[in-house]
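These are the residues of each chain, in order.
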Amino acid sequence: MAFRRHILALIVAGNLAAMGNSICVAAEYSTGASDTEIKIGNTMPYSGPASGYSAIGKSLAAYFAMINDQGGINGRKINFISRDDAYSPPKTVEVVRKLVEEDQVLMVFQSLGTPPNLAIRGYLNDNKIPQLFVGSGADQWNDPKRYPWTMGWQPSYGTEAHIFARYVLDNLPDAKIAVLYQNDDFGKNYVNGMRSGLGDKAGKMIVATQSYETTDPTVDSQAAALQASGADVLLTAAIPKFTTLAIRKVYDIGWRPTQFVNSVSTSVGSVMKPAGAEKSAGVMSATYTKDPSDPRWQDTPEYKDWLAWMMKYNPSVNVTDALAVYGYSTAQTLVAVLKASGDNLTREHVMEVASSLHDLSLPMLLPGITISTAADDYAPIKQMQLQKFDGNSWKVFGDVIKGSGG
Amino acid sequence: MHQLLQQIFSGLAAGAIYASVALALVMIYRATDLVNFAQGEMAMFSTYIAWTLVNAGLPFWLAFLITLAVSFAGGMVIERVVIRPVENAPVLAAVVVTIGLLLIFNSVAGWIYSYTVQDFPSPFPDRPVFGALMTTRDLGVIGVTLLMLVLLFAFFRFTPIGLAMRAAAQNPTSARLCGIRVGRMLAIGWGLAAVIGATAGVMVAPVLFLDPNMMGGVLIYAFAGALLGGITSPVGAVVGGLIVGVTENLVGTYLIASQLKLTVAFALIILVLVFRPNGLFGTAIIRRV
Amino acid sequence: MENRIATTEILADAPTVTAGANTWRWIGIVALIAIAVALPFALSKYHVFELTMVMIYAIAVLGLNILTGYNGQISLGHGGFFAVGAYTAAILMHRYGVPYWLTLPPAALIGFALGVLFGLPALRFEGPYLALVTLAMALATPQLLKYFDTWTGGQQGINLAKPMPPAGLGLDRDRWLYFVALVVLLIAIRIAANILHGRTGRAFVAIRDHPIAAAAMGIDTAKYKTLAFGTSTSFTAVAGALSAIVVGYVSPEGYSLFLSISFLVGSAVGGIATIGGAIVGGFFIQFVPNLANDISDAAPWAIYGLAMLLFMYTMPRGVVGTLEPLIARFYASRLRSAPTPVRGTQGT
């Protein structure tokens, strides 16, 4: 497959230095790796209210299944062990201990959620186990001095909010901003990011904030309250379902602010179209991956490869689900790291490779966005691009922006 | 002022959703003296059945009617098969069984239909009314809820089966002596509740979007509404649901700490209950020695 | 609710059989404790950690048993009291540097005070109305924890350093915490047994079974119901404090409505009006969801739900609730064949 060769070419080009010394040395392993397999541990909410994210877990397993079918990584099969933590941090601690102490995994990869990952960060760092490509956009995963074994993956929510703030400051300097956010770390990160991005203008520009809980059936009351604040810019930091509800309600009550939605909730098929084409036209967002339901990617070879993989290996996940692209891309990143680690599959070496990625490009990331890390930079993806919805598909505008938050 | 009206109206729209599920809760409580924690998930499952039928090409109303029939049968089967073994067991056992049902329905729906949020067609058009304070869809939800209330009221008051059901719930032994098949009454009660739930789900899915966790939050508010109105009173269920919807909206708007909306809304409901411990329209439980 | 009282009267009539029954009982208890002490040395650290969680849940469920089982007041809110205990411990340790074992008494006291405060308005409510009031506690707690974030760390939660075992004992952290939890559990059982088998316990049961008769007999229902609430929440709060110490992290996400429901289910499965049932409940809450996950990747909750159904069908009074009367009946039937004539009804 073309994209696989594409990745390999870039890895070789980017990582010759890292690989050079280990090619001719006998294989070295930490617990969890051997001549025949590499054990990867993962926690995911397969039950409970956050179970919508389980599509990521399924996609990860599906991608590794494909890699195994293609011969594995340097001849080793990936043994992907993913367990349910129901998004409850005490449960995550227990499950990760089981993965480490009973299942003897090499690392914990892409565990989902900020509180779950905060709960296990201390344990994993104390035991020198990689907590790699954390499945959360909080700002905490780029702290190599204090937590050298923990690395994030996606652009942080704070970075994204800074990009929105920058846009508003540059283009709408007199704006009055309202924020609708989910009442947890995810939503609050956006609020705080907006505030810090606007700097000393924050107090004047942010005129209202309203939160919602995931148990709230609608956000009607919040939308009405925000409209009453007189704001003309609305940032909705919500998960897909609530973004859809918000976009629709805002239109229905006759409010027409400049709208921003966060990158998690930009799916054409799951968010924009259900909200209504005319109601969601004009909404802006920032993103870094390709939306599988966006018409503009339909004819590209990368999308077709992704779709073929979905049909064959990941049939239980919807083809419009952006989480499948997310899982696909994070899995590819791990595969790239493991391949580049060669026969030295010690935890230290894997972290070294992970923290020396250079312009790694993945097929389902937006063109121009690449992955780079360094010993003092544990934020693999820092770039995003602004885009505007025209009722049918997203149109990017401006340049790829490098974020500065987190 | 406009904001106040807006919040009240959207509160009524949300409240109608809670009211419709509350009606199902009251139905089961009156028929079997049990709070069915699985009510929301059963309604959600019925809605998925309707969604499957609509996606298969059936016209909406036909799909709806088939769903109602399936839900009625399903509700009866659940009562006879799942609830019957714990009918004479301590109440807590039955409560745990309904909790188990909740988990089963939620999980199976997620497994069959995945957790992707789906669109659901609405029989009502989506046009603004009262100067954008509400949409015709919201009015549709309120209308259907009120219709169900009237039908339920008439059923219990004026039909022989309704009377038999009330008798079976109040005094099964005497009812049996009068020739009432108590087991069948219980099953019918659950069947009807399932029908109410299915109607609620189908009306609500266009508004809330269909996913396996659609009814989670609704159930909590419906429970509060049903109790606020009095767990034995269908009128109370509707009034309670509407009050909960409006309260929740007003609290969210006018409370400085909007993040405490749920807390304060519940605190207010409990405050009302302190003065009326059996709900606004509920009948007091008289204990005889 | 079975006639354990009647059974003990019968047993009092036949000293030889009684002595036999009591001896077996004591042997059983000592054996269990011996096993509990020996286990951590035979198991891996992870399993020791799991068993520690079992004991913590057992203490929490024991609290619920006191309130719902012995006193008949249903609670859907014990997850909230668990969280109160956990955060009490976390804030004391994190902000004030209080050593971990000293956080347990304040957790117990705060849990008690909060329970009494809750119990007072709860006096007005019964059945599903009481369920709603306690449900409010379960729902409000995460919101309040997120809101007062200067104290609670908000969504980020609070990371706690895990306590070091005393030097010289040769125990690692996990085993030390296991024994701490074991000691607390044994103390909790002792206190619960003292309360429940004494006057207070009988008052609780009387109020549960027939409140009017109880009041007519001069029992101050308000006082005992409130006392039951406070005692119950105090136990659960201590369990929460222990969980904060053992897990090393608290955040609002860990104390959802599902936790309250799990406690209630564990209570019912173990035996709501028993003390031993709390331990069974602890095992159920800890292990069955994991087993469910192993059985079905795609629908773990469905298996968990099925497990609940199966337990309730086969043992509607809970495991201990069903087994204890059977054992008592066994001894009562042995009595029937004993030479001494028996007075009163048979114990069923």
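Residues numbered from 1 in each chain as written. Chains lettered and ligands numbered in written order. Predicted model: local features only at pLDDT ≥ 70, side-chain atom pairs only at ≥ 80, totals over all residues. Heavy atoms only, no water.

*Asks:* Is there a simple way to think about the pattern of salt bridges in this case?
*Replies:* Pairing is possible between side chains that carry opposite charge, provided their charged atoms lie close to one another. A complete count under the given rule lists 23 salt bridges over all chains for this structure. Asp377(A) is the salt-bridge partner of Lys382(A), the closest N and O atoms lying 2.7 Å from each other. The class for Lys382(A) is buried, based on a relative accessible area of 16%. The partner of Glu79(B) in a salt bridge is Arg80(B), with the nearest N and O atoms 3.0 Å apart. Exposure remark for Glu79(B): the relative accessible area of 1% places this residue in the buried category. Residue Arg80(B) is classed as partly exposed on the basis of its relative accessible area of 26%. One salt-bridge network, in which partners are shared between bridges, spans Arg83(A), Asp103(A) and Asp294(C). (Salt bridge = Lys/Arg side-chain N within 4 Å of Asp/Glu carboxyl O. Buried < 20%, exposed > 50% of the residue type's maximum accessible area, 1.4 Å probe, protein only.)

*Asks:* Looking at this model, I keep getting lost on empty space enclosed by the protein. Mind explaining?
*Replies:* Taken as a whole and assessed by the stated rule, the structure comprises 10 cavities of 30 Å³ or more. Size it by volume and the second largest cavity reaches roughly 160 Å³. If you trace the second largest cavity, you find it lined by Thr218(A), Val219(A), Asp220(A), Leu245(A), Arg248(A), Lys249(A), Asp252(A), Asp126(B), Thr135(B), Arg137(B), Asp138(B) and Val207(B). Sorting the residues of the lining of the second largest cavity by element identifies α9 (240–252) of chain A together with α5 (136–158) of chain B as the ones contributing at least two each. Top element by residues in the lining of the second largest cavity is α9(A). It accounts for four residues. By residue class, the composition of the lining of the second largest cavity is three nonpolar, two polar and seven charged. (1 Å grid on protein atoms, 1.4 Å probe; cavity = no way out; pocket = protein on both sides within 12 Å on 5 of 7 lines; lining within 4 Å. Points joined across faces, edges and corners; volume = space filled by probe spheres on them. Helix = DSSP H or I, 4+ residues; strand = E, 2+ residues; numbered from the N terminus. Nonpolar A, V, L, I, M, F, W, Y, C, P; charged D, E, K, R; others polar.)

*Asks:* Hey, could you run me through helix α6 (residues 185–198) of chain A in this one?
*Replies:* Since the α-helix packs 3.6 residues into each turn, any two residues three or four apart lie on the same face. Residue and element names in this part refer to chain A. Here α6 is 14 residues long and its end C-alpha atoms lie 20 Å apart, about the 20 Å a rise of 1.5 Å per residue gives. With 11 of its 14 residues buried, α6 lies for the most part within the structure. Restricting attention to buried positions, one finds in α6 the residues Asp185, Phe186, Gly187, Lys188, Asn189, Tyr190, Val191, Gly193, Met194, Gly197 and Leu198. Of the residues trailing α6, Gly199 is marked for its positive phi of about 65 degrees. (Expected span 1.5 Å × (residues − 1).)

*Asks:* What is the right way to read the interface of chain C and chain B from this model?
*Replies:* Between chain C and chain B, the residue contacts involve 40 residues of the former and 47 residues of the latter. Between chain C and chain B, a total of about 3800 Å² is buried, with carbon and sulfur atoms accounting for 81% of that surface. Here chain C and chain B share zero salt bridges between them. For the pair chain C and chain B, the number of links is nine residue pairs in polar contact (both at pLDDT 80 or more). Contributing elements (two or more residues each) for the side of chain C that touches chain B: α6 (127–147), α10 (211–216), α12 (257–270) and α14 (300–314) of chain C. Per-element tally for the side of chain C that touches chain B: the top contributor is α6(C), with 12 residues. In the side of chain C that touches chain B, the residues fall into 34 nonpolar, three polar and three charged. (Contact = heavy atoms within 4.5 Å. Buried area = accessible area lost by both parts, 1.4 Å probe. Polar contact = N/O pair within 3.5 Å; in protein donor to acceptor, adjacent residues only side chain to side chain.)

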